[in-house]
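Spelled out, the chains give:
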Amino acid sequence: MKENITIPADQISEKQLQTMLADPKTARQGFALVVKLHSERIYWQMRRMVYNHEDANDLVQQTFLKAWTALSGFRGEAKISTWLYRIALYEALNFLEKQKKENESTISPDSDHDYIMDQLESDAYFDGDEAEKVFQQAINSLPEKQRLVFQMRYYDEIPYEQIAAITGTSEGALKASYHHAVKKIEAFVSAHD
């Protein structure tokens, strides 16, 4: 007999959700709550990395599919959101690496930045003004690690402790990366005023 727990998604605690996920009787229902609670944030994490609505949607689905298949390995040592962000991060990085390899024959390494900006500007869902384009160009000009740290901290307001768990980098190194990223973005934006 299937056990049915009715807890509104916005009222469930991390501990309750982990308990549901650990019990085969409630795992499916618990995972549905995980999807409901985290899909929007995962989407925006992906969207800021790949700049394309359809690709971001596909990556969200892949992230949750991978999370579902790996659910038995989730031991609750990290928060569910940290675990999901780690999966999403690796899915996005793998996607970007694959996309880069596919485009190597048509895109020179120096034009990666232009290619990504073309992706963003050609996306029907991008409605940014010129200032937003310059800001996105500034973010895109950062080295990959600084860009990821900046995006997680600036957009998602993820604490350094959680970013450290996601990326496997020390909090001190993350703070330095974020600081350097902010300075580079400020300089880029100032140069394009």
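A. Looking closely at the confidence of the model for the protein. Chain-level pLDDT for the protein is 83 on average; 81% of the residues reach the 70-or-more range. At the level of individual helices and strands, the protein shows its lowest average pLDDT in helix 5 (residues 112–122), which scores 53, and its highest in helix 3 (residues 53–69), which scores 95.

B. Structural detail: helix 3. Helix length check: helix 3 (17 residues) gives 24 Å between terminal C-alpha atoms against 24 Å at 1.5 Å per residue, within 8%. For helix 3, the full list of buried residues reads His-53, Asp-55, Ala-56, Leu-59, Val-60, Thr-63, Phe-64 and Ala-67. Along the long axis of helix 3, the arc covered by the buried residues comes to 165 degrees, so they all point the same way. Turned more than 90 degrees away from the buried face of helix 3 sit Gln-61, Leu-65 and Thr-69, all of them exposed. Regarding helix 3, its N-cap is Asn-52, as a side-chain oxygen of that residue lies 3.0 Å from the backbone nitrogen of Glu-54 further along.

C. Representation of empty space enclosed by the protein. This structure, assessed with the given rule, holds two cavities of 30 Å³ or more. Roughly 60 Å³ of volume is contained in the largest cavity. Taken together, Gln-45, Arg-48, Met-49, Leu-89, Leu-148, Gln-151, Met-152 and Asp-156 make up the full set of residues lining the largest cavity. Elements represented by at least two residues in the lining of the largest cavity include exactly helix 2 (27–50) and helix 7 (144–154). Split into classes, the residues belonging to the lining of the largest cavity amount to four nonpolar, two polar and two charged.

Parameters and conventions
- Residues numbered from 1 in each chain as written.
- Predicted model: local features only at pLDDT ≥ 70, side-chain atom pairs only at ≥ 80, totals over all residues.
- Heavy atoms only, no water.
- pLDDT = per-residue confidence, 0-100.
- Helix = DSSP H or I, 4+ residues; strand = E, 2+ residues; numbered from the N terminus.
- Expected span 1.5 Å × (residues − 1).
- Buried < 20%, exposed > 50% of the residue type's maximum accessible area, 1.4 Å probe, protein only.
- Arc of directions from axis to C-beta.
- Polar contact = N/O pair within 3.5 Å; in protein donor to acceptor, adjacent residues only side chain to side chain.
- 1 Å grid on protein atoms, 1.4 Å probe; cavity = no way out; pocket = protein on both sides within 12 Å on 5 of 7 lines; lining within 4 Å.
- Points joined across faces, edges and corners; volume = space filled by probe spheres on them.
- Nonpolar A, V, L, I, M, F, W, Y, C, P; charged D, E, K, R; others polar.

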